[in-house]
Each structure stands twice: as structure tokens, then as C-alpha cells.
Amino acid sequence: LCLQVPELEKATVRIRQPERVREIIQSLREQGVAKLQVISDFDMTLSRFGCNGRRCPTSHNILDTSYVISEDGRKKLKDLLHYYYPIEIDPNRTLEEKRPLMVEWWTKAHELLVQQKIHKDDIAKIVRESEAMLRYGDEFFDQLHKNNVPLFIFSAGVGDILEEIIRQANVFYSNVNVVSNYMAFSDDGVLTHFRGPLIHTYNKNNTVLQGTGYFQQLSTRTSIILLGDSMGDLTMAEGVPNVENILKIGFLNDKVEERRGKYLDSYDIVLESDETLDVVKGILHYILAE
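Rules used throughout
Residues numbered from 1 in each chain as written. Predicted model: local features only at pLDDT ≥ 70, side-chain atom pairs only at ≥ 80, totals over all residues. Heavy atoms only, no water. UniProt positions renumbered as here; feature names shortened; annotations may be inferred. Phe/Tyr/Trp six-rings, centres within 6.5 Å; stacked < 30°, edge-to-face > 60°. Helix = DSSP H or I, 4+ residues; strand = E, 2+ residues; numbered from the N terminus. Buried < 20%, exposed > 50% of the residue type's maximum accessible area, 1.4 Å probe, protein only. Lys NZ or Arg CZ within 6 Å of the ring centre and 35° of its normal. Contact = heavy atoms within 4.5 Å. Disulfide = S-S within 2.5 Å. Domains from an automatic or database assignment. Buried area = accessible area lost by both parts, 1.4 Å probe. Polar contact = N/O pair within 3.5 Å; in protein donor to acceptor, adjacent residues only side chain to side chain. Nonpolar A, V, L, I, M, F, W, Y, C, P; charged D, E, K, R; others polar.

- Within an unreviewed UniProt entry, the label attached to the protein reads 5'-nucleotidase, and the organism entered is Acrocephalus arundinaceus.
- Recorded under Function (unreviewed entry), the UniProt text for the protein is reproduced unchanged: "Specifically hydrolyzes 7-methylguanosine monophosphate (m(7)GMP) to 7-methylguanosine and inorganic phosphate. The specific activity for m(7)GMP may protect cells against undesired salvage of m(7)GMP and its incorporation into nucleic acids. Also has weak activity for CMP. UMP and purine nucleotides are poor substrates."

Pasting the structure below:
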């Protein structure tokens with residue numbers, strides 16, 4: 001397989017069942033571009049986890065640390081992060097235990113943001129001044145757009161912020177569709193609430209897609225490449241009818257040693273501390289090649 005997709009030789013790549021991965025990639029290629037869709041998480045999957053030894057911000061972090069948040073607001077948001085993030089990534093807690101706590105975290109964070117009276121007109125500036133960046137390889141977006149492959153971004157982040165990141169990178173193409181937590185503004189452009197349903201790390205599945213009908217429109221797209229960085233991302237394709245092939249690629253960004261086993265059990269390909277989309281682009285290149 002490395003002959004066809006040389007990027008799989010990278011030192012960051014781990015695969016538990018190479019033969020199975022080879023078969024899936026082969027099937028994706030045989031099914032062809034007309035059947036393909038990509039379903040991806042955004043924060044720390046399409047956006048970078050770190051740069052020059054520093055953490056890059058998620059779409060929530062961008063807001064939390066921006067000039068529109070008061071000192072007190074910042075402190076409270078940081079306290080929430082320090083309390084709930086270890087729970088989110090704790091390999092010893094079950095999803096059943098985590099889910100209600102994630103709802104609690106997101107709800108409290110959104111309430112704090114609403115109290116800050118954020119203005120819609122500030123969003124572009126907040127993103128421009130942040131250290132958010134897409135993973136190396138904007139060509140990934142170009143590649144999908146050029147081949148009319150739908151890209152579905154399913155994010156527990158803040159939709160308005162992540163759309164702005166993609167827009168400022170000039171890759172918000174017509175084939176990109178986002179489901180996320182969106183802000184609602186008053187007539188004079190002030191944040192009043194977040195629109196439902198609430199999407200957190202562990203409910204990215206059919207339950208929050210009810211009524212969107214997105215996957216129904218793409219019912220012929222039965223080949224899927226799924227990209228995620230958490231255990232919660234594994235369910236993102238649940239709404240797709242009649243999946244024929246699915247290749248799950250996981251970015252293992254943090255606490256690599258401790259979480260490696262779990263990721264290798266769940267994802268077909270695991271990318272450890274890899275800040276690029278090289279492997280994904282290599283696989284796409286092979287699948288899309290005439």
C-alpha cells in the first residue's frame with residue numbers, strides 16, 4: 001500500500017490492521033469519486049493542535065481569550081476548562097459518565113459567553129487576531145472541491161468562529177457543509193443565545209442531525225473518509241444510509257502513550273502528533289487518481 005500512498009510511510013502513522021486498511025482504501029478507489037464523501041471534526045482535526053511548542057486555540061478558546069471577554073469572564077471560562085477537560089479525555093471514564101458532564105460544561109460556557117454581549121461584527125477581527133490555523137495542507141479543501149466531493153464538518157465548537165477560520169483561509173467552498181453550535185444575535189447584532197441542539201464532544205451522531213436531512217440528500221455517497229481526534233468523533237457517520245466503505249483516521253494529539261491503545265482499537269489509521277493533512281491528502285490522491 002505504501003507504494004500507492006507513500007505518505008503512509010511517515011513516522012507519525014500507526015496502523016493495527018494494515019491488510020484491512022489496504023482493502024478499505026482499495027474499495028474506496030474502486031467505488032470512485034461519485035460515491036465519496038468526507039466527514040470531519042474541526043477543532044484539532046482540520047485545525048492545528050500545536051505550533052512551535054505552543055497549543056493552538058480551538059474555536060471556543062479563540063472566543064474565550066479574545067478582547068471581547070472580560071477578565072472575570074476569562075477566569076471563569078478557564079476554570080471550567082480545567083475542571084471538565086480532564087474528564088473529557090479520561091480514558092477510565094465511560095461515555096455514559098461523560099455525556100451529562102459535557103452538557104453541563106458546554107451549557108455553562110455558552111451562558112458565560114452570552115453574558116459578555118459579544119457583537120457579531122467582532123467575529124472576523126477576533127479570528128484574524130487569533131493563533132488559529134488549519135493543519136498544513138489547504139490543498140485538502142481544494143482537492144475535495146475540485147472533485148466535487150462533499151465535506152461535512154461536524155463540530156462541537158462555535159460554528160460562527162470555525163466558518164470564519166475557513167473563510168479567512170479562502171477555502172470555504174460550496175461543497176463544505178457545517179453542523180455546529182451557532183450563535184443567535186439580536187437585531188442590533190448582540191449575542192443573545194446559542195441555537196440548539198447543543199453539540200458536545202460525545203453526542204456527535206444522528207441525535208443532533210434530526211431534521212437536517214443532510215445525509216439523506218447524499219444517499220448515493222456510500223464511501224466515507226472520517227477524520228476525528230476524539231472517541232466521540234467515531235459516531236459522526238451514524239446518519240449516513242447504507243455505508244459501504246468507511247475509513248476512520250484519528251489524530252492523536254495529546255497524551256499519546258496513555259491513549260494509543262484505545263485509538264488503535266477504534267481508528268483504522270492513527271496519526272500521532274502529526275500537524276499536517278499529508279496522509280489524508282495522499283489517500284485522497286490515490287482514490288481520486290484516474
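Read on, since the account is not over.
1. Regarding the packing of aromatic side chains
Moving on, step 1. Inspection of every chain in the model, using the stated rule, returns nine aromatic pairs.
Moving on, step 2. Each ring, one from F152 and one from Y214, has its centre 4.6 Å from the other, and the planes form 25°; the classification is stacked. Within this pair, whereas F152 is found in strand β5 (residues 151-158), its partner Y214 is found in helix α8 (residues 214-217), the two being separated by 62 residues in sequence. Taken as a pair, F152 and Y214 share a single burial class, namely buried.
Moving on, step 3. Ring centres of Y214 and F215 lie 5.4 Å apart, and the angle between their planes is 65°; on these two criteria the pair is classed as edge-to-face. The same class applies to Y214 and to F215, which are both buried.
Moving on, step 4. Three or more aromatic residues link up through ring pairs in this structure, and these residues are Y83, Y84, W105 and W106.
Moving on, step 5. A cation over an aromatic ring shows up here: R29 above the ring of Y286, its NZ or CZ 4.5 Å from the ring centre.
Moving on, step 6. Over the aromatic face of F172 sits the side chain of R167, whose NZ or CZ is 5.2 Å from the ring centroid.

2. Some remarks on the side chain of S40
Moving on, step 1. Along the chain, S40 falls in strand β2 (residues 36-40).
Moving on, step 2. Once you skip the residues sitting within four places of it in the chain, S40 turns out to touch T45, L46, L151, F152, I153, F154, L227 and M236.

3. Observations concerning the state of the cysteines
Moving on, step 1. Here the structure, examined in full by the defined rule, presents zero disulfides.
Moving on, step 2. Not engaged in a disulfide, the cysteine C51 finds its nearest cysteine sulfur in C56; these two sulfurs lie 5.4 Å apart.

4. Looking at the environment of R20
Moving on, step 1. Position of R20 among the secondary structure elements: in helix α1 (residues 18-31).
Moving on, step 2. On the accessibility criterion, R20 (39% relative accessible area) is partly exposed.
Moving on, step 3. A sequence separation of 89 residues divides R20 from A109, and the C-alpha atoms of the two residues are 41 Å apart.

5. Some details on helix α7 (residues 159-168)
Since there are 3.6 residues in each turn of an α-helix, residues three or four apart along the chain are aligned in direction.
Moving on, step 1. Of all 10 residues that make up α7, eight are buried, and the element is covered over most of its length.
Moving on, step 2. The complete set of buried residues in α7 reads G159, D160, I161, L162, E163, E164, I165 and I166.
Moving on, step 3. Buried residues along α7 sit in contact with α2 (59-64), α5 (123-128), α6 (139-146), β5, β6 (176-181) and β7 (183-185).
Moving on, step 4. Remark: N170 follows α7 within two positions and exhibits a positive phi of approximately 60°.

6. Here we look at the domain arrangement of the protein
Moving on, step 1. The domain architecture assigned to the protein consists of domain 1 (6-50 + 133-288) and domain 2 (57-129).
Moving on, step 2. Here the C-alpha centre of domain 2 lies 22 Å away from the C-alpha centre of domain 1.
Moving on, step 3. Facing the 31 residues of domain 1 at the interface are 28 residues of domain 2.
Moving on, step 4. Summed over both partners, the interface of domain 1 with domain 2 comes to about 2700 Å²; 69% of that surface belongs to carbon and sulfur atoms.
Moving on, step 5. At the surface where domain 1 touches domain 2, the tally comes to 14 residue pairs in polar contact (both at pLDDT 80 or more).
Moving on, step 6. Of all the elements, α7 adds the most residues to the side of domain 1 that touches domain 2, at six residues.
Moving on, step 7. Per-class residue counts for the side of domain 1 that touches domain 2 are 14 nonpolar, eight polar and nine charged.

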